[in-house]
Amino acid sequence: MRHLPGVLIVEDEPAIAELISVNLKHSGFRPVWAIDSSTAQAELDAVLPDVILLDWMLPGESGLVLAKRWRAHPRTKSVPIIMLTARGDESDRVAGLDAGADDYIAKPFSTKELLARIRAVLRRRAPEQDLSVVSAGDLTLDPSTYRVTFRGHLLKLGPTEFKLLHYLITHAERVHSRSQLLDKVWGDHVFIEERTVDVHMKRLREALGLEAGQMVETVRGAGYRLTTQVAVAKPA
Ligand code: CA
């Protein structure tokens, strides 16, 4: 039997959950509905879904709190999270992404758009065809063990930052525009803003730390580049 991608819907409004659920079933997904955070946690403990649709405004613990917790937990950290919310402010959007959400969709949304975004995160998460170890300078990434090290020290990266770094290392020294990165790393950028790239680049630099973070260069007006030739400030 074909594996139907599992989608955990964490949503306290039954009408919305039902609408999403019906559409997902029609499109070949296997939806599971959790009405609150404890039900969602129990579902996650039982079976890991392929993607989580997480409402921001939930009674009790908010979606933001849940996203942070799931991202921090080894068992759930790689499951893509799409936040559903009525909040449309940029600051909220950034907060959602910073909490570890892979994408963000504001209510009211079209089910067509929602499905496109689910497919996009699933494509993004699809295992890389090439699982060979890659490196740039002292930075090494191993897709098969999901590990990144700098001079032998293990670094902690989120799933999007991992994929971003994989792309940058395999295409080092070249400058990539935000739209190119969305296309190559996110896979389907129709609904994703270029600002998202900046958010994840910031997170990538933070995860890499002070020294390795310098390898990720912002090229003004052009985009980003990973380089092993880190510019050294000239003495005055
Ligand atoms: Ca709600």
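(A) Seen up close, the sheet that holds strand 6 (residues 134-136). Taken in spatial order, the four strands line up as 6-7-8-9 in an open sheet, and their pairing is antiparallel. This sheet does not close on itself; its edge strands, each paired only once, are strand 6 and strand 9 (153-155). Between one strand axis and the next, the sheet turns through 25° on average, direction left out of account. Of the strands in this sheet, strand 6, strand 7 (139-142) and strand 8 (147-150) touch helix 6 (residues 159-170), which is tilted by about 120° from strand 7.

(B) Here's a closer look at the pattern of salt bridges. According to the stated counting rule, one finds 13 salt bridges in the structure shown. Between E113 and R117 there is a salt bridge, with its nearest N and O atoms 3.0 Å apart. Separated by four residues within a single helix, E113 and R117 lie in helix 5 (residues 111-125), roughly one turn from each other. Each of E11, E13, D55 and K107 takes part in a single network of salt bridges with overlapping partners.

(C) Structural context of the packing of helix 7 (residues 178-186) against helix 8 (residues 195-213). The contact between helix 7 and helix 8 brings their axes to 9 Å, and the two run at 75°. Between helix 7 and helix 8, the angle is such that the two are roughly perpendicular. Touching R178, L181, L182 and W186 of helix 7 are T196, V197, D198, H200 and M201, all from helix 8. Of the residues in the contact of helix 7 with helix 8, the class split is five nonpolar, two polar and two charged.

(D) Expanded view of the coordination of the calcium ion. At 2.1 to 3.1 Å from the calcium ion lie its protein donor atoms, namely D12 (OD), E13 (OE), D55 (OD) and M57 (O). Mapping the donors of the calcium ion onto the primary sequence yields the spacing D-E-x41-D-x1-M. Of this pair, D12 sits in the loop between strand 1 (6-10) and helix 1 (14-26) while M57 sits in the loop between strand 3 (51-55) and helix 3 (63-72), and the two are 45 residues apart along the sequence.

(E) View of the pairing of strand 4 (residues 81-85). Summarising burial for strand 4: five of the five residues are buried, a large majority. A two-sided burial pattern is seen for strand 4, the buried positions comprising I81, M83 and T85 on one face and I82 and L84 on the other. Bridge count for strand 3 against strand 4 is four bridges, and the pairing is parallel. When the sheet's bridge partners are listed, L54 is paired in strand 4 with M83. With helix 3 bridging strand 3 and the parallel strand 4, this β-α-β connection has right-handed handedness.

Procedures and definitions
- Residues numbered from 1 in each chain as written.
- Predicted model: local features only at pLDDT ≥ 70, side-chain atom pairs only at ≥ 80, totals over all residues.
- Heavy atoms only, no water.
- Pairing = 2+ DSSP bridges.
- Helix = DSSP H or I, 4+ residues; strand = E, 2+ residues; numbered from the N terminus.
- Axes fitted to C-alpha atoms, helices over the stretch in contact; angles between N-to-C directions.
- Contact = heavy atoms within 4.5 Å.
- Salt bridge = Lys/Arg side-chain N within 4 Å of Asp/Glu carboxyl O.
- Parallel < 35°, antiparallel > 145°, perpendicular 65-115°, else oblique.
- Nonpolar A, V, L, I, M, F, W, Y, C, P; charged D, E, K, R; others polar.
- Donors = N, O, S within 2.8 Å, 3.2 Å for Na, K, Ca; no water.
- Buried < 20%, exposed > 50% of the residue type's maximum accessible area, 1.4 Å probe, protein only.
- Right-handed = clockwise from strand over helix to strand, strands pointing away.

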